[in-house]
Amino acid sequence: MTPKKSRLSPGVWTVLCLLLALCLWEWAAAAGHVNDYFFSRPSALWAEFLELVSSGLLAKHLSVTLQEAGLGLLFGGLFGTLAGLGLGLAPRVSRALTPLLTGLNGLPKLALGPVFIIWFGLGLRSKVIMSALMVFFIFVFNLYTGVRGVDPALLSGVRLLGASQGQLLAKVIWPACLPWLLTSLRTGLGLSLSGAIVGEYLGSTKGMGWLLSAAGDVFNSTRVLCCVLVLVVLIIALDAVVHPLARLTPSPLHPVSSSVFTAYDKHLFFRKGVFP
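Keep in mind it's a predicted model, so treat the numbers as computed, not measured. (Residues numbered from 1 in each chain as written. Predicted model: local features only at pLDDT ≥ 70, side-chain atom pairs only at ≥ 80, totals over all residues. Heavy atoms only, no water.)

### A closer look at the overall build of the chain
Move 1: Secondary structure assignment for the chain yields 13 helices and 0 strands.
Move 2: The N-to-C order of helical and strand elements in the chain reads α-α-α-α-α-α-α-α-α-α-α-α-α.
Move 3: Among the 276 residues that make up the chain, the fraction classed as buried is 34%.
Move 4: A separation of at least 24 residues holds for 74% of the contacts in the chain among residues at least 6 apart in sequence. (Helix = DSSP H or I, 4+ residues; strand = E, 2+ residues; numbered from the N terminus. Buried < 20%, exposed > 50% of the residue type's maximum accessible area, 1.4 Å probe, protein only. Contact = heavy atoms within 4.5 Å.)

So, in structure tokens, the structure goes:
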């Protein structure tokens, strides 16, 4: 006999586990097993959340952080995609620059925060640059991997059919990189928020990072944990928006193979309008 499969979806199990953890947390705080001054409790977090919403503080500071993270994701993703494609198409340049990029990627971004504040001030620019830097290297290395993952036999075969470099990029290389692009986007959502919050934490007068820092300075653990949970829920919601797009593309772990090319002959390529 085969065991019966559970009718509950993974999302339901996630909610049930979360509710169980919250109930245990509330019980431990009420029973005195956990010091709620340091660890707070779910009921206090809910009351703090309602206060932040009603006072407008949450909307004010969250909108600032989202603006910084959105611009950082846009510019970091754009320049990272272009750099990754360029390195993948130029092997000699990539061999020269990859060690440098690896070293810069391993550098703690927090160490660059004070430098960015000195160079670009306490305003929006330094936070956007910090956020973009957190995202940039993810796009560079993933897009580079996508380009290098295309089967050389496929590229040679398509060149024999008369494809130009632009057609090769648009019809073969870019579709192969699309799964890597969406994977980078999912990873970059959280990293862009982290970069913006780190920048705000180091020096700012508004934003979720400033709100966390101000609450931590007065040992307001309830507000700190409330802000952290708001950011966690926000990242989960953003990922849920991007995840369906990633499911529409093939897995980036499987490179484009020459079997794609062998499934067509020259006549079909031109009949289907692959190359005008």
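### Topic: unusual backbone geometry
Move 1: The phi dihedral of S40 falls on the positive side, at around 55°, and the residue is not glycine.
Move 2: Mapped onto the elements, S40 comes out in the loop between α2 (36-39) and α3 (42-55).
Move 3: A positive phi is found at F219, a non-glycine position, where the angle reads about 60°.
Move 4: Note on placement: F219 falls in the loop between α10 (208-217) and α11 (221-247).
Move 5: For F219, a relative accessible area of 61% gives the class exposed.

### Focus on the confidence of the model for the chain
Move 1: Taken over all residues, the pLDDT of the chain has a mean of 79, while the share at 70 or more is 85%.
Move 2: The element-level mean pLDDT for the chain is lowest in helix α12 (residues 259-262), coming to 43, with helix α4 (residues 57-89) highest at 89.
Move 3: Of the regions scoring below 50 in pLDDT, residues 252-276 engages in 34 contacts with residues more than four places distant in sequence or in other chains. (pLDDT = per-residue confidence, 0-100.)

### A word on the nonpolar core
Move 1: In terms of nonpolar packing, the biggest core is built from 16 residues, with L52, L58, L62, M208, L212, C227 and L231 touching the most fellow members.
Move 2: Listing elements by their share of this core, those giving two or more residues are α3, α4, α9 (165-202), α10 and α11.
Move 3: Once you skip the residues sitting within four places of it in the chain, L62 turns out to touch M208, L231 and L234.
Move 4: Counting residues in hydrophobic clusters, the runner-up holds 11 residues, among them L143, V147, C177 and L181. (Core = buried A, V, L, I, M, F, W, Y, C linked by side-chain atoms within 4.5 Å.)

### Considering a nonpolar patch on the surface
Move 1: Taken together, V12, W13, V15, L16, L18, L19 and L22 make up a surface patch of nonpolar side chains, about 600 Å² in accessible area.
Move 2: Inspection of the secondary structure assignment puts L19 in helix α1 (residues 10-30). (Patch = residues over 30% accessible without salt bridge, like charges linked within 9 Å, V, L, I, M, F, W, Y side chains within 5 Å. Areas by Shrake-Rupley, 256 points an atom, 1.4 Å probe, with all protein chains shown as cover. Salt bridge = Lys/Arg side-chain N within 4 Å of Asp/Glu carboxyl O.)

### A word on the packing of aromatic side chains
Move 1: Here the structure, examined in full by the defined rule, presents 5 aromatic pairs.
Move 2: Between F116 and W119 the ring centres are 6.3 Å apart and the planes differ by 50°, which places this aromatic pair in the tilted class. Of this pair, F116 and W119 both sit in helix α6 (residues 109-120), 3 residues apart, which is roughly one turn of that helix.
Move 3: Grouped by ring-pair contacts, the aromatic residues F116, W119 and F120 constitute a single cluster. (Phe/Tyr/Trp six-rings, centres within 6.5 Å; stacked < 30°, edge-to-face > 60°.)

### Description of the packing of helix α5 (residues 91-106) against helix α7 (residues 124-148)
Move 1: Running from amino to carboxyl end, α5 crosses α7 at an angle of 150°, the nearest separation of the two axes being 11 Å. Classified by the angle their axes make, α5 and α7 are roughly antiparallel. Handedness of the crossing formed by α5 with α7: left-handed. Contacts from P91, S94, L101, T102, L104 and N105 of α5 reach α7 at F137, V140, F141, Y144 and R148.
Move 2: For the contact of α5 with α7, the class distribution of residues is 7 nonpolar, 3 polar and 1 charged. (Axes fitted to C-alpha atoms, helices over the stretch in contact; angles between N-to-C directions. Parallel < 35°, antiparallel > 145°, perpendicular 65-115°, else oblique. Left-handed = near helix turned anticlockwise from the far one by under 90°. Nonpolar A, V, L, I, M, F, W, Y, C, P; charged D, E, K, R; others polar.)

### A few points about the environment of G188
Move 1: Within the secondary structure, G188 sits in helix α9.
Move 2: Along the backbone, G188 and G77 are 111 residues apart, and their C-alpha atoms lie at a distance of 8.0 Å.
Move 3: Those residues within four positions of G188 in sequence are excluded, and the remaining contacts are L73 and V135.

### Focus: the pattern of salt bridges
Move 1: Per the counting criterion, the structure on display carries 3 salt bridges.
Move 2: A salt bridge links D239 to R186, with the shortest nitrogen-to-oxygen separation between them at 2.8 Å. A residue pair is termed long-range when its members are at least 10 positions apart, and D239 in helix α11 and R186 in helix α9 qualify at 53 residues.
Move 3: In this structure D239 comes out as partly exposed when scored by relative accessible area, which is 22%.
Move 4: Looking at R186, the relative accessible area reads 29%, which means it is partly exposed.

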